[in-house]
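# Fold and geometry: a report
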Amino acid sequence: MVSIKKLGIGGGSMVVFGILLWCGFPGLIRSQIKKQIALKPGSEIRDMWSNTPFPLDFKVYLFNVTNPDEIKEGQKPKLQEVGPFFYDEWKVKFDLVDREDEDSVEYSMRSTWFFNAKKSKGLTGEEIVVCPHLMILGMVAATLKDKPAAIGIIGKAVDSIFHKPDSIFVTAKAKDILFDGLPVDCTVTDFAGSAVCNVLKTEAKDLVPDGENRYKFSVFGGKNGTAVPQRMKVLRGIKNYKDVGRVLEFDGKPALDIWPEDHCNAYNGTDTTIFPPLFGPDDDLVSFGYEICRSLNTLHYTAGLGDSSTNPMEKCFCSDPDNCLTKNLYDMTKCLGVPLIGSMPHFYDTDGKYLAMVDGLHPNQSEHELDMDFEPMTATPIRAHKRLQFNMFIQPIPKFRLMKNFPEALLPLFWVEEGILLDDEFVNKVKVVFKVTAVVTFLKWIMILGGIGMGGAAGFLYYKNRDSGKLDITKVIPKTASGEKTEKSWPPGMNISTIQAASVPSNLDRN
């Protein structure tokens, strides 16, 4: 009976312990994740957040214009995608300043790109590409939008600074267009050239000095290895894990001031490099992209540029509220100071009329959608692709000889993809949580099922032993002299019973 009690107590204890694991362990894991995600000075997550220990994948795709002469005569542009030109992008946050009272940290940012020939699929950057001269096209488009009467002066300045080009399209190496730069000669002395150069020197962010009054212009060269002038301030998430990474200030301001309505100027979400953990399938992830001057909602791990033509909340992103761009087109003029139009690559998920304006685009979801795969418990981005295409409107401009007979179109220039795919080293760190959870789940069921089994065994043994300990009583019916059975008690008033298989005591066996 003692062993049965021990078996029962052991089984009950196992069941209780299994239930405690079932109820208590998830809460313990959640509590630890909340503590570990905070950007506390000296913590591992803070070090990884401020100085990413691996490069991001940065791919650039150029659109080679195959019919520049025909475009000058009004024909539809024909494009050929060239890429990817693959770069390793190293991001670092530096000069970090903590403010304990508001649980925040302020920092500066810097990105550095290194060409990765191995992942560029045979491309070297030496490839010759025909594309619009982005500076000339930008100057013309900006002038046409803000001061159309000055387009004649811009034409003279272009002839002076760029030495009377015969086309707005430039033939150059891909690496010069992207990083090394095309020449901008500001040694000119004529009125138009000098006036435009003075504006470029003060407002053009991507000019790199190349001698006295000479510069180089490229898409990314001016940003490479250079700190972003504006500083960012975000919450650390020590007081509330849900606030981790949430943007408080950018450039010393609590909101943007370029859009006409407050909700468009608000810094919604995180700084895009960290997200609060423990989100569910119905939770949206929102982040503020300072590069595009607005917040984006990932809409269950895919994202878009919205539709300011139909969504009243996005009307404030329109340059002209009465003539908004359609779905997944975003006018970046106020943000960048250049009349660039952002879109999904190859005009994916955009009004088909823009796709019909050019030849050579082939949109598809897998290659051109913005997507992110997160592990929801720890908010770790396992895989992500931030994709954005840059375009400019072209049209006939009678007073500008290089575009006098141009067609009307939204002309794709290039598109970029900033991506991440965690390698095994970092994926394994995330997997530790799931390995521990799997072990605990296994132990939980072992404890509960094993305890139930032990309890059931103890009950069975107890019941069996209780039955075997009972006395088996048999009623003895005496016979008459004739051998017949009688139901009468013998002696009178008594029923004689004996224990089966027991020996008759010697004191009763005399006579």
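Anyway, here's the lowdown on the structure attached to this text. What you see is a predicted model; the values in this text were computed from it and never measured.

## Topic: the packing of helix α4 (residues 134–146) against helix α5 (residues 151–161)
With their axes 9 Å apart at the nearest point, α4 and α5 run at an angle of 165 degrees to one another. In terms of axis orientation, α4 runs roughly antiparallel to α5. Once α4 is placed against α5, the crossing between them reads as right-handed. Contact residues: α4 offers Ile136, Met139, Val140 and Thr143, while α5 offers Ile151, Ile154 and Val158. Residue composition of the contact of α4 with α5, by class: six nonpolar, one polar and no charged.

## Brief notes about the sheet that holds strand β8 (residues 214–217)
Taken in spatial order, the three strands make up an open sheet running β6-β8-β7, and their pairing is antiparallel. Each edge of the open sheet carries a strand with a single partner, namely β6 (182–185) and β7 (207–209). Recorded for the sheet is a direction-independent mean angle of 40 degrees between the axes of neighbouring strands. In the sheet, β6 pairs with β8 via four bridges, with the strands oriented antiparallel. Across the sheet, the residue bridging to Asp185 is Arg214, located in β8.

## A closer look at the packing of aromatic side chains
The description of two aromatic rings rests on the distance between their centres and on the angle between their planes. In this structure the tally under the stated criterion is 20 aromatic pairs. Between Phe169 and Phe406 the ring centres are 6.0 Å apart and the planes differ by 20 degrees, which places this aromatic pair in the stacked class. One end of the pair, Phe169, is in strand β5 (residues 169–173); the other, Phe406, is in the loop between β17 (380–394) and β18 (409–421), with 237 residues separating them in the sequence. Each ring, one from Trp259 and one from Tyr330, has its centre 6.2 Å from the other, and the planes form 45 degrees; the classification is tilted. One end of the pair, Trp259, is in the loop between β10 (247–250) and α8 (262–265); the other, Tyr330, is in strand β14 (residues 329–331), and 71 residues separate them in sequence. Each of the two residues, Trp259 as well as Tyr330, counts as buried. Feature note: the residues Phe58, Tyr87, Trp113, Phe115, Phe179, Phe220, Phe390 and Phe414 constitute an aromatic cluster, connected by ring pairs. Positioned over the ring face of Tyr107 is Lys93, at 5.6 Å from the centre of the ring.

## Thoughts on α5
Residues lying three or four places apart along an α-helix face the same way, a consequence of the helix completing one turn every 3.6 residues. Burial in α5 covers these residues: Ile151, Ile154, Gly155, Ala157, Val158, Ser160 and Ile161. If you follow the buried residues of α5, they end up packed against α4, β6 and α7 (191–203). Of the residues one or two after α5, His163 is the one with positive phi, at around 60 degrees.

## Looking at the layout of surface pockets
Reported here for the second largest pocket is a volume of approximately 720 Å³. Residue lining of the second largest pocket: 35 residues in total, with Lys145, Leu325, Asp331, Ile341 and Phe393 positioned closest to the centre. For the lining of the second largest pocket, the secondary structure elements donating two or more residues are α4, β14, α10 (352–355) and β17. Broken down by element, the residue count for the lining of the second largest pocket peaks at five residues, all from α4. For the lining of the second largest pocket, a count of residues per class yields 21 nonpolar, six polar and eight charged.

## Describing the pattern of salt bridges
This model, assessed by the stated rule, comprises 22 salt bridges. For Asp103, the salt bridge identified is with Arg236, shortest N-O distance 2.9 Å. Here Arg236 lies in the loop between β9 (232–235) and β10 and Asp103 lies in the loop between β2 (79–99) and β3 (104–115), a separation of 133 residues in the sequence. Across the pair Glu126 and Lys175 runs a salt bridge whose closest N-O atoms are separated by 2.6 Å. A residue pair is termed long-range when its members are at least 10 positions apart, and Glu126 in the loop between β3 and β4 (128–132) and Lys175 in helix α6 (residues 174–180) qualify at 49 residues. For Lys175, a relative accessible area of 27% corresponds to the partly exposed category. Linked by salt bridges that have partners in common, Arg46, Asp98, Glu100, Asp103 and Arg236 make up one network.

What counts and what doesn't
- Residues numbered from 1 in each chain as written.
- Predicted model: local features only at pLDDT ≥ 70, side-chain atom pairs only at ≥ 80, totals over all residues.
- Heavy atoms only, no water.
- Axes fitted to C-alpha atoms, helices over the stretch in contact; angles between N-to-C directions.
- Helix = DSSP H or I, 4+ residues; strand = E, 2+ residues; numbered from the N terminus.
- Parallel < 35°, antiparallel > 145°, perpendicular 65-115°, else oblique.
- Left-handed = near helix turned anticlockwise from the far one by under 90°.
- Contact = heavy atoms within 4.5 Å.
- Nonpolar A, V, L, I, M, F, W, Y, C, P; charged D, E, K, R; others polar.
- Pairing = 2+ DSSP bridges.
- Phe/Tyr/Trp six-rings, centres within 6.5 Å; stacked < 30°, edge-to-face > 60°.
- Buried < 20%, exposed > 50% of the residue type's maximum accessible area, 1.4 Å probe, protein only.
- Lys NZ or Arg CZ within 6 Å of the ring centre and 35° of its normal.
- 1 Å grid on protein atoms, 1.4 Å probe; cavity = no way out; pocket = protein on both sides within 12 Å on 5 of 7 lines; lining within 4 Å.
- Points joined across faces, edges and corners; volume = space filled by probe spheres on them.
- Salt bridge = Lys/Arg side-chain N within 4 Å of Asp/Glu carboxyl O.

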